[in-house]
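Architecture at a glance
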Amino acid sequence: MKEKTLTELALLLQQRELSSVELTQYYLDRIQRLDTTLNSFISVTGEEALKQAAVADQKIAVGEAGPLTGVPIAHKDIFCTQGVRTSCGSKMLDNFIAPYNATVVEKMSEAGVVMLGKTNMDEFAMGSSNENSFYGAVSNPWNREYVPGGSSGGSAAAVAARLTPAATGTDTGGSIRQPAALCGVTGLKPTYGRVSRWGMIAFASSLDQGGPLTQSAEDAALMLSAMAGFDPKDSTSMEREVPDYSATLNNPLQGVRIGLPREYFSEGLDGGVENVVQEAIAEYRKMGAEVVDIDLPNTRLAVPTYYVVAPAECSSNLSRFDGVRYGHRCDDPRDLEDLYKRSRGEGFGDEVKRRIMIGAYTLSAGYYDAYYLKAQRLRRLISEDFQRAFERVDVIMGPVTPTTAFRKGEKSDDPVNMYLSDIYTIAVSLAGLPGMSIPAGFSDGMPVGLQLIGNHFDESRLLNLAHQYQQVSDWHRQAPEDMA
Ligand code: GLN
């Protein structure tokens, strides 16, 4: 059963070959048996899941089911879930029970989906290895000594180990695509504004975007159709119709123009990763696509730009955690200042503190123009690179990450090296574009992802291209053998 995709499981439920209660129990058992070695979940909500499954079975019985009714999924612990701890991977929110559901959670629940629990993540979504979680590191199911990537590492590891058919994640600079690549699953970061951010705990508000992690592109299309759409509660969500993403999966690729950025195939890219990516692109040629070289000349500015913009926004967003209203509060504060200082000092981990300090610095009166304003200008240049490219090509392809998964601890003491693992994903986030990672093969036994980048709101095309590749390859069907 575990090898079945979300789409296949949904069909079995609709045909009543299987009940949602049976299916939910099956995944709860797998989590209990196997997650001890992975640590991909922070909370498992078994009792509530079985109740939701029983309701789904009722709906199926009376013919009121939608395409996702009764399938179990997991939510990244950054999405507020009413009555359930929503920790964001932080000690700060270890005691926080959300009083409402995030729009994404609400929409999935309206679609009849069952929630198995909340997945592990880097604290406040800051990280590329999932080693920054208050709840401990997550292991890569392909090799427990290795990181699963971050910050949605729990979601990616859980889908890869088939502890859930699908999960939600969020991507600010790569946090859906990078862990999807390192764990060998399919991950889609939608266009900024496509999916509501309401109830998704904010890291960098001009970049954060929620999306699905699944086994296949077909599954991602189903998930995105349920997640996307305008939300009056999020003023940055777009008032734009949600297409039926499943309807265009089989469009032919004849004449589709694929651009390969020279800057993504240069120094710093591991040879094993490059070979896998080139082989995948050769498959697209066979399917009738045209491949051309393009330039994204400002690529090298993306990481430095991001590490001004994202910390600036995080320092502002995280000022709400003050020990007064909710979250961690220190014992016996002497006065208000002591309450702020000790609550924040004790509640936040090192990486979060580093970002808050950088952000507070770059936003301060004397440095705002030199850093923050300049970074905003560079962000515009990076974005224009892509717009120029999309005049010539329909989609851009390249690697997701410069290397496959690295060993735990390998980059922990070297933040800049860690930051560079997002070198191919960050520019896409700064430009607000949709990006996808799909399994394309292995290098030294670890999964490699192929990145697909589209123009704004062109998710349908990305899903179409990804699905067509998954019709001629079976990388997305492979799962770690010892996760039986
Ligand atoms: N790894 C990047 C960071 O640490 C991106 C994280 C994300 O996309 N949430 O900020």
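Our subject is the structure listed above.
Computed from a prediction, not measured in an experiment: that's the story for all the values here. (Residues numbered from 1 in each chain as written. Predicted model: local features only at pLDDT ≥ 70, side-chain atom pairs only at ≥ 80, totals over all residues. Heavy atoms only, no water.)

**What to know about the overall build of the protein**
Check the secondary structure of the protein and you find 15 helices and 11 strands. Over its C-alpha atoms the protein spans a radius of gyration of 21 Å, differing by no more than 12% from the 23 Å that the globule rule assigns to 484 residues. Structurally, the protein occupies a C-alpha span of about 65 × 55 × 45 Å along its principal axes. Considering the protein as a whole, with its 484 residues, one finds that 62% of them fall into the buried category. Long-range pairs, those at least 24 residues apart, make up 76% of the contacts in the protein with a sequence separation of at least 6. Total accessible area on the protein stands at roughly 18000 Å², and carbon and sulfur atoms take up 48% of it. Treating the 46 positive side-chain charges of the protein as one cloud and the 61 negative ones as another, the clouds have centres 3 Å apart. (Helix = DSSP H or I, 4+ residues; strand = E, 2+ residues; numbered from the N terminus. Rg over C-alpha atoms; globule rule 2.2 N^0.38 Å. Buried < 20%, exposed > 50% of the residue type's maximum accessible area, 1.4 Å probe, protein only. Contact = heavy atoms within 4.5 Å. Areas by Shrake-Rupley, 256 points an atom, 1.4 Å probe, with all protein chains shown as cover. Lys, Arg positive; Asp, Glu negative; His and termini not counted. Charge placed at Lys NZ, Arg CZ, Asp CG, Glu CD.)

**Structural notes on a nonpolar patch on the surface**
Together, Val324, Leu336 and Tyr340 give the surface a local cluster of nonpolar side chains, amounting to about 250 Å² of exposed area. Its location among the elements puts valine 324 in the loop between α9 (302-317) and α10 (336-347). (Patch = residues over 30% accessible without salt bridge, like charges linked within 9 Å, V, L, I, M, F, W, Y side chains within 5 Å. Salt bridge = Lys/Arg side-chain N within 4 Å of Asp/Glu carboxyl O.)

**Overview of the packing of aromatic side chains**
All chains considered together, the criterion is met by 18 aromatic pairs. With a centroid separation of 5.1 Å and 85° between ring planes, the pair formed by tyrosine 26 and tyrosine 27 is classed as edge-to-face. What makes tyrosine 26 partly exposed here is its relative accessible area of 23%. In textbook terms, an aromatic cluster arises when at least three aromatic residues are bridged by ring pairs, as seen for Phe96, Phe124, Phe321, Tyr326 and Phe348. Across from the ring centre of tryptophan 198, 4.3 Å away, lies the NZ or CZ of lysine 233, which sits over that ring. The ring centre of phenylalanine 406 lies 4.4 Å from the NZ or CZ of lysine 411, which sits over that ring. (Phe/Tyr/Trp six-rings, centres within 6.5 Å; stacked < 30°, edge-to-face > 60°. Lys NZ or Arg CZ within 6 Å of the ring centre and 35° of its normal.)

**Observations concerning the environment of leucine 116**
Locating leucine 116 in the fold gives a position in strand β3 (residues 114-119). Looking at leucine 116, the relative accessible area reads 0%, which means it is buried. Residues leucine 116 and proline 72, spaced 44 residues apart in sequence, show a C-alpha to C-alpha distance of 6.2 Å. The residues touching leucine 116, leaving out its near neighbours within four places in the chain, are Thr24, Tyr27, Leu28, Ile31, Val44, Thr45, Gly46, Ala49, Pro72, Ile73, Leu163 and Thr164.

**Topic: the nonpolar core**
One finds Phe124, Tyr284 and Phe386 to be the most contacted residues of the largest nonpolar core, which totals 132 residues. At 9 residues, α9 tops the list of elements feeding residues into this core. Those residues in contact with phenylalanine 124 that lie beyond four places of it in its chain are Cys88, Ser90, Met92, Leu93, Ile201, Phe203, Leu318, Phe321, Phe348 and Val352. (Core = buried A, V, L, I, M, F, W, Y, C linked by side-chain atoms within 4.5 Å.)

**With respect to the pattern of salt bridges**
In this structure the tally under the stated criterion is 21 salt bridges. The partner of arginine 262 in a salt bridge is aspartate 295, and the shortest N-O contact between them spans 3.0 Å. Here arginine 262, found in the loop between β7 (257-261) and α8 (271-286), pairs with aspartate 295, found in the loop between β8 (290-294) and α9; they are 33 residues apart in sequence, far enough to count as distant. Relative accessible area serves as the criterion here: at 44%, arginine 262 is assigned to the partly exposed category. Taking relative accessible area as the criterion, aspartate 295 reaches 39% and is therefore assigned partly exposed. Via salt bridges that share partners, Arg334, Asp338, Arg342 and Glu346 belong to a single interconnected network.

**Some points on the site of the ligand**
Residues in close proximity to the ligand total 15 residues, the closest being Thr172, Gly173, Ser175, Tyr306 and Asp422. Here a nitrogen atom of the ligand and a backbone polar atom of alanine 125 are 2.8 Å apart. Glycine 127 is positioned such that a nitrogen or oxygen atom in its backbone is 2.9 Å from an oxygen atom of the ligand. Of the residues that constitute the shell around the ligand, the class distribution is 5 nonpolar, 7 polar and 3 charged. (Near = heavy atom within 4 Å. Polar contact = N/O pair within 3.5 Å; in protein donor to acceptor, adjacent residues only side chain to side chain. Nonpolar A, V, L, I, M, F, W, Y, C, P; charged D, E, K, R; others polar.)

**A short note on α10**
Since there are 3.6 residues in each turn of an α-helix, residues three or four apart along the chain are aligned in direction. For α10, with 12 residues, the first-to-last C-alpha span of 16 Å sits near the 16 Å given by 1.5 Å per residue. Taken as a whole, α10 has its buried residues at Asp338, Leu339, Ser343, Arg344 and Gly347. Looking at the buried positions of α10, the neighbouring elements they touch are α11 (350-363). (Expected span 1.5 Å × (residues − 1).)

**Focus: the pairing of β7**
Taken across its 5 residues, β7 has 4 buried, putting it largely inside the fold. Relative to β8, β7 runs parallel, the two being bridged by 5 bridges. By the bridge assignment, glycine 259 is partnered in β8 with valine 292. Tracing the backbone out of β7, into α8 and back to the parallel element β8 gives a crossover that is right-handed. Bridging between β7 and strand β9 (residues 395-399) involves 2 bridges; their strand directions are parallel. Each bridged residue has a counterpart across the sheet, and for isoleucine 258 the counterpart in β9 is valine 395. (Pairing = 2+ DSSP bridges. Right-handed = clockwise from strand over helix to strand, strands pointing away.)

**Quick word on the side chain of serine 237**
With respect to the helices, strands and loops of the structure, serine 237 is situated in the loop between α7 (217-227) and β7. At 2.9 Å, the side chain of serine 237 forms a polar contact with the backbone nitrogen of aspartate 231. The residues touching serine 237, leaving out its near neighbours within four places in the chain, are Gly193, Ser196, Gly229, Phe230 and Asp231.

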